[in-house]
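Working through the structure, step by step
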Amino acid sequence: MGEKILMKGAEVLGESAIKAGCRLFFGYPITPQNEAPSYMAKRLPEVGGVFVQAESEVAAINMLYGAAASGHRVMTSSSSPGISLMQEGISYIAGAQLPVVLVNVMRGGPGLGNIGPAQGDYFQSVKPGGNGDYHLITLAPMNLQEQIDLIYDAFELADEYRNPAMVLTDGLLGQIMEAVEFHREKDLSSLPAKPWATTGINHRKKNLISSFDLDYDRLEAINHQIQDKYRIVKEKEVRYESYFADDAEVILVAYGTTGRICKAVVDILRSEKYSVGLLRPISLWPFPEKILQQLAQKSTTKGFLVVELSAGQMVEDVKISVNGVKPIHFHGRMGGNVPSPKEIIDIIKTIQWEGK
Amino acid sequence: MEMELLAAGFGGQGVLMIGQLVALSAVDENKFALFFPSYGPAMRGGTANCIVIIGDKPIGSPILNEHEHVIVMNNPSFTKFEPLVKKGGHLYVNSSLVSEKSTRSDIQVHYIDANDLAGKAGANVAANIVMLGSLLKVSHFSAYEIAEKWIQKKFAGKGEKVVKINLSALKAGFEKA
Amino acid sequence: MSPELKQIFKPSPILTPIQRSFCPGCTHGVIHRLVAECLEELQLAEKTVLVIPVGCATLAVDYFELDTIQSAHGRAPAVATGVKRSNPDLFVVTYQGDGDLASIGTAEIVHAANRGEKITTIFVNNGIYGMTGGQMAPTTLIGWKTETSPYGREASREGNPIRISEMLSQLNGPAYIARTAVNSPKAVLGTKRAIKKAFTAQMKGLGFSLVEILSTCPTNWGFSPVQSLKRIDEETIPYYPLGEFKAVEGL
């Protein structure tokens, strides 16, 4: 611990989970995250854990459901089409209020798409993708060091709120290697108690893990309880990085890999005395609405440019937050393509920032 | 100090190995490092490539407009990446296989007969390590001994003879540049 | 209680004392009782987790005094896998109907059985979808009229009824597979013996175990409860023969 090592993104996913006290992984092969299950298949038995290759993503997410119901920290990772298959199970997990950690290494879509980096599953993660009123706590790292931190935090948040947490990365973060350090390791004896878990009735009251209630009023009450929980999450768990955004005329909004590239863009343009900053959402749900509202109100702010590896998904939440106060522009790449800093700089310089 | 490398060639020429050795050696000296193997569109034209960025601070954008150091192991890579060498940067050409010559005057071009030098060291396939040696000499991505140590580690599984050949290849490339 | 009177029947402490909402003549209640008796007699209740997916079976979430997980349609064997793998000391039972297990959940049951997951499945087969209102199941017999086979099931149009026990018994993972019925006192006793054997297979860690229990659905069959019991003998058993299809050594 505390020593830099060079690791591949998908393997970092696995080791981060182990450091966070996860000893169970259920998954199904899909590129570009195959190194994650491979890593866990080898590593988990070394630390007394269990890896099962499920027959499908449908089965994998339900294995998570069972393991989480029994009170254990558990994770799966997959990529876009696989996450689509898991939506039913994710809805049940949210409905039954179970803590699990999901990782989506997003790839090009729709359909089979390709294995290049993409951010086209934003809607699916934050709106979210399954049936009913629920949210995934969704965290998006921009590099592997941050990925380590966010996976650890995802386990903590999932347990604290009894809610599934999603770490949203992409094919680039899955495939790169970076020097990383593991600063934190969960002491297994300090894992939170879960008196609600199904561990055998053992002379106490029956525990029931369920998302089902035929009684309309009772089911509505459960929904209200879940929404109350979400209000607390929205108050307490918003995360973002504001990088020279406070006094910037032009504010970039981007997350994950595009956030990282936009940060480099800010560095380059600031060295040219161009007044640009970055607001990088780290929690995509809860979304950093308030800071965007505040930035929009500033007299210095001329407008926003949202950059995504999609046709424009997060930009909708930016629009809701900014609420028409300042103009919002969008630049998106798809199909596995990632914009270079120069491409983004050219866009920034082309836009008429003074208004009509 | 920051250094950016792009290494490109045919699959099987060991360009990913070049990148990994640079990254591993840099991390060993407690630097930050990013290794980005490129798939998809970049593989068209017969090239596999990787980008390595090392530095004293956390690494910024993994996508770069141009590169400070570029290693090309075959003709298609030369055609594609020669224009992407940063002004004042270095292009390392495996002249055993690349017939073309650079006409750019704003960069330094190093022609290295890597396959021939590797052959003299004991095996043609060590051409990538010859190129690594030249890169090491010019860019100082790590101390020489550190690079040697990682070559030993990476090739240990293939036997002592292979390790020796690759160490000789490193030396040959280092002296050539 | 006077000394000459002996109590020979009492409510099972494993079943909750609330009113059931199953239709008149439905055999789920009998099967619940048998599962409860076996768990009690083998002293398993304290460490049991019951996994109940979607269908009429779902109603059981309220009927057992056991730690219970309600799961998605067909996915109980995957959920049970997650429970058992994360906590091997627990005793894990899934309780599934035929639409659930033999249609939407075929992948999950086949692979849980094939991995030899140390869980037990109680598979209640009445050849029809009950909860959704009498649609054709993969197990519906040829000629049977349902909401979605209104002209009677024809093999050329709707395919043949699927024999799950025979199919699963071909795999190496299962330790015990049997088909029984509950349409007579004798059959009920036979079912109890089979459930006990299936539970024993899990207790001994021998592998996956399943008991397929031929059941009725008077409401959706459009038969009286008594006629329904007779139909099991006359139509169901001839296509779905009773018996043990697999019982590994050591059971």
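Before any of the text, the structure's been laid out above.
Here is a short report on the structure shown in this document. (Residues numbered from 1 in each chain as written. Chains lettered and ligands numbered in written order. Predicted model: local features only at pLDDT ≥ 70, side-chain atom pairs only at ≥ 80, totals over all residues.)

1. A few points about the overall build of chain C
- Regarding its fold elements, chain C presents nine helices and nine strands.
- Its C-alpha atoms give chain C a radius of gyration of 18 Å, within 12% of the compact-globule value 18 Å for 251 residues.
- Viewed in the frame of its principal axes, chain C has a C-alpha envelope of about 55 × 50 × 30 Å.
- Pairs at least 24 residues apart make up 67% of the contacts formed inside chain C by residues separated by at least 6 positions. (Helix = DSSP H or I, 4+ residues; strand = E, 2+ residues; numbered from the N terminus. Rg over C-alpha atoms; globule rule 2.2 N^0.38 Å. Contact = placed C-beta atoms within 7 Å.)

2. Here's the deal with the overall build of chain B
- Per the secondary structure count, chain B includes six helices and six strands.
- Ordered by position in the sequence, the α and β elements of chain B form the string β-α-β-β-β-α-β-β-α-α-α-α.
- Taken over the C-alpha trace, chain B has a radius of gyration of 15 Å; the compact-globule value for 177 residues is 16 Å, and the two agree within 12%.
- With the C-alpha coordinates aligned to their principal axes, the bounding extent of chain B is approximately 40 × 40 × 30 Å.

3. Remarks on helix H6 (residues 160–176) of chain B
Residues and elements named next belong to chain B.
- Here H6 contains 17 residues, and its C-alpha end-to-end distance of 24 Å stays within 8% of the 24 Å for a straight helix at 1.5 Å per residue.
- Residues of H6 that are buried include every one of Ile165, Asn166, Leu167, Ser168, Ala169, Leu170, Ala172 and Gly173, and no others.
- Where H6 is buried, its residues contact strand E6 (108–112), helix H3 (114–121), helix H4 (127–139) and helix H5 (144–155). (Expected span 1.5 Å × (residues − 1). Buried ≥ 20, exposed ≤ 12 C-beta atoms within 10 Å, placed from the backbone.)

4. Description of the interface of chain A and chain C
- The interface is formed by 33 residues belonging to chain A together with 29 residues belonging to chain C.
- Those elements that place two or more of their residues in the side of chain A that touches chain C are strand E2 (24–27), strand E3 (50–53), helix H3 (57–69), helix H5 (87–95) and strand E9 (208–209) of chain A.
- Tallying contributions element by element places H3 of chain A first for the side of chain A that touches chain C, with eight residues.

5. Some remarks on the packing of H3 of chain A against helix H2 (residues 76–86) of chain C
- The interhelical angle for the contact between H3 of chain A and H2 of chain C, taken along N-to-C directions, is 45 degrees, at an axis separation of 6 Å. The angle between the axes of H3 of chain A and H2 of chain C places the two elements in the oblique class. Of the two possible hands of crossing, H3 of chain A and H2 of chain C adopt the one that is right-handed. Residues Ala59, Asn62, Met63, Leu64, Tyr65, Gly66, Ala67 and Ala69 of chain A of H3 of chain A pack against Ala78, Val79, Ala80, Thr81, Gly82, Val83, Arg85 and Ser86 of chain C of H2 of chain C.
- Looking at side-chain class alone, the contact of H3 of chain A with H2 of chain C contains ten nonpolar, five polar and one charged residues. (Axes fitted to C-alpha atoms, helices over the stretch in contact; angles between N-to-C directions. Parallel < 35°, antiparallel > 145°, perpendicular 65-115°, else oblique. Left-handed = near helix turned anticlockwise from the far one by under 90°. Nonpolar A, V, L, I, M, F, W, Y, C, P; charged D, E, K, R; others polar.)

6. Some words on the sheet that holds strand E7 (residues 165–170) of chain A
Residue and element names in this part refer to chain A.
- Read across the open sheet, the seven strands follow the order E3-E2-E4-E5-E7-E6-E13; overall the sheet is mixed. The open sheet has two free edges, formed respectively by E3 and strand E13 (283–285), since each of these has just one partner strand. Neighbouring strand axes in the sheet, compared pairwise and without regard to direction, differ in orientation by 20 degrees on average.
- Sheet topology note: the strand E6 (residues 137–139)/E7 ladder contains three bridges and is parallel. Of the residues in E7, the one forming a bridge with Ile137 is Ala165.
- Contacting E2, E3 and strand E4 (74–78), H3 crosses the sheet at an angle of about 165 degrees to E4. (Pairing = 2+ DSSP bridges.)

7. A few points about the environment of Lys273 of chain A
Residue and element names in this part refer to chain A.
- Positionally, Lys273 belongs in the loop between helix H10 (256–271) and strand E12 (276–281).
- The exposed category is assigned to Lys273, around which 6 C-beta atoms lie within 10 Å.
- With 132 residues separating them along the chain, Lys273 and Pro141 place their C-alpha atoms 28 Å apart.

8. With respect to the sheet that holds strand E1 (residues 5–8) of chain A
- Strands sit in the order E1(A)-E8(A)-E2(B)-E3(B)-E1(B)-E4(B)-E5(B)-E6(B) across an open sheet of eight strands; the sheet is mixed. With partners counted over all chains shown, the strands left at the sheet margins are E1 of chain A together with E6 of chain B, one partner each. For this sheet, the mean angle separating the axes of adjacent strands, direction not counted, is 20 degrees.
- When strand E1 (residues 3–9) of chain B meets strand E4 (residues 67–72) of chain B, the two strands line up parallel, connected through four bridges.

9. Considering the nonpolar core
- Counting 247 residues, the largest nonpolar core has Val101, Ile151 and Leu252 of chain A together with Val52 and Val130 of chain B as the members making the most contacts within it.
- Discounting residues that sit within four places of it in the chain, Val101 of chain A has contacts with Ala17, Met75, Ile151, Ala154, Phe155, Ala158, Ala165 and Val167 of chain A. (Core = buried A, V, L, I, M, F, W, Y, C linked by C-beta atoms within 7 Å.)

10. What to know about the interface of chain B and chain A
- Across the contact, 20 residues belong to chain B and 23 residues belong to chain A.
- Mapped by element, the contributors of at least two residues to the side of chain B that touches chain A are helix H1 (15–28) and strand E2 (32–38) of chain B.
- Ranked by residue count, the leading element in the side of chain B that touches chain A is E2 of chain B, at six residues.
- Split by residue class, the side of chain B that touches chain A holds 15 nonpolar, five polar and no charged.

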